[in-house]
Each structure stands twice: as C-alpha cells, then as structure tokens.
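Each chain is listed here by its residues.
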Amino acid sequence: MKLFIAIFSVFMCFSCRSMQTLTDGFDTWSFATTGGTVFGSPFQVTTKQLHFDTGELFGKDIVLEGKVEYFGAAFTHLLLADKEGKVLVVTTELPESYKEFKDEQNPKIRILGRLERGKKGLPYLMARAVDTVEHSAR
C-alpha cells in the first residue's frame, strides 16, 4: 500500500509539472499569435512600476509595452522604453521570429515575461513571447 501511495505521489508530482509546462507553453504561443493568454493572468505594468517594485512582482509573469531602443549583440537582449523609463529585456528564450522587428525604427511591441533581479537588485525581464502593438489592437 505504501508503495502504491509513493508511486501515485510521484506520478502526480510529474503530471502537475508537465501540466504547468503545457499551460505555460500554450500561453506563450497564444500571446505571440493573439496578444493574450488563456491560462495565466499576467500583470500589465510600466517600467516605473518595475523599478519601484518592492518584491510583489518578482518571479511573476508580466506584460510590458514600449518601443525598442536598442537590440543587443546577437539579439540576446534589447532595451525597451516607455514614457516612464527603460528596462533590459533578455531575449535568449524567444524564438527567432522576434527578429522581424530589427529593421523597423523603434518598433512598438508588447512582451510577456518574468520579472527577475540582476546585480545590485536592478530589474530585468526574461522574455517568453513578443507581440506587436498593432497586432494586439485587432
């Protein structure tokens, strides 16, 4: 009986993780194609809210909208700016499709990502999906 409970517990642990991975993957795809998520409820924030955050947003999914001021070397990061400030966005986990914005002058985009803290506590966004603002207005 104990063996059955142990096996059942391990199975449930793996199935919950795979279900979370599946819903995160679907939300990432959904955001990139339609501009919205199905399972998650990310917070829409500004760069000012990110910089003055006291820890409530850390590790949570957020949506940030702004203009790309700079694409980093090899497209590993970008600098996103709105009217209130700028923030570093790490793009190493994004598919290659986000590079379509590189030829536009200061493209306006929305990014779904997780808020992280870097050196000296400065916030940065680990991007999961990108959507154009024009696409989101549809």
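Before reading on, note that the structure itself is shown above.
To keep things clear, this report deals only with the structure shown in the data block. Remember, it's a predicted structure, so these values are computed and weren't measured experimentally.

### Some thoughts on the pattern of salt bridges
(1) Moving on: In the structure shown here, the tally under the stated rule is 5 salt bridges.
(2) Moving on: The partner of Arg114 in a salt bridge is Asp61, and the shortest N-O contact between them spans 3.0 Å. Of the two residues, Arg114 sits in strand 5 (residues 108-117) while Asp61 sits in strand 2 (residues 61-71), which places them 53 residues apart along the sequence.
(3) Moving on: Residue Lys108 pairs with Glu65 through a salt bridge whose shortest N-O separation is 3.8 Å. In this pair, Lys108 sits in strand 5 while Glu65 sits in strand 2, placing the two residues 43 residues apart along the sequence.

### Thoughts on the environment of Val45
(1) Moving on: In this structure, Val45 sits in strand 1 (residues 43-45).
(2) Moving on: In the structure, Val45 is positioned 20 residues away from Glu65 in sequence and 8.0 Å away in space, judged by C-alpha atoms.
(3) Moving on: With residues near it in sequence (within four places) discarded, Val45 still touches Leu50, Leu57, Ile62, Val63 and Leu64.

### Some thoughts on the pairing of strand 5
(1) Moving on: Sheet analysis places strand 2 next to strand 5, joined by 7 bridges and oriented antiparallel. Looking across to strand 5, one finds that Ile62 is bridged to Gly113.
(2) Moving on: Both strand 5 and strand 6 (residues 123-132) contribute to a ladder of 9 bridges, which runs antiparallel. Residue Gly113 lies in a different strand from strand 6, and its bridge partner there is Ala127.
(3) Moving on: Between strand 5 and strand 6, which pair antiparallel and follow one another directly, the connecting turn spans 5 residues, one of which, Lys120, has a positive phi of 60 degrees.

### Examining the environment of Phe31
(1) Moving on: Counting through the fold element by element, Phe31 comes out in helix 1 (residues 2-34).
(2) Moving on: Under the relative-accessibility criterion, Phe31 is labelled buried at 1%.
(3) Moving on: Every residue in contact with Phe31, bar those within four places of it in the chain, is listed here: Gly36, Thr37, Val63, Arg110, Ile111, Leu112, Ala129, Val130 and Asp131.

### A word on the nonpolar core
(1) Moving on: Judged by nonpolar contacts, the single largest core of 19 residues is most densely connected at Leu50, Leu80, Val89 and Ile111.
(2) Moving on: At the level of elements, strand 2, strand 3 (77-82), strand 4 (85-90), strand 5 and strand 6 are the ones that each hand at least two residues to this core.
(3) Moving on: Sorting elements by how many residues they give to this core places strand 2 first, with 4 residues.
(4) Moving on: Dropping the residues within four chain positions of it, Ile111 is found in contact with Phe31, Ile62, Val63, Leu64, Leu78, Leu80, Val89, Leu125, Ala127, Ala129 and Val130.

The rules behind the values
Residues numbered from 1 in each chain as written. Predicted model: local features only at pLDDT ≥ 70, side-chain atom pairs only at ≥ 80, totals over all residues. Heavy atoms only, no water. Salt bridge = Lys/Arg side-chain N within 4 Å of Asp/Glu carboxyl O. Helix = DSSP H or I, 4+ residues; strand = E, 2+ residues; numbered from the N terminus. Contact = heavy atoms within 4.5 Å. Pairing = 2+ DSSP bridges. Buried < 20%, exposed > 50% of the residue type's maximum accessible area, 1.4 Å probe, protein only. Core = buried A, V, L, I, M, F, W, Y, C linked by side-chain atoms within 4.5 Å.

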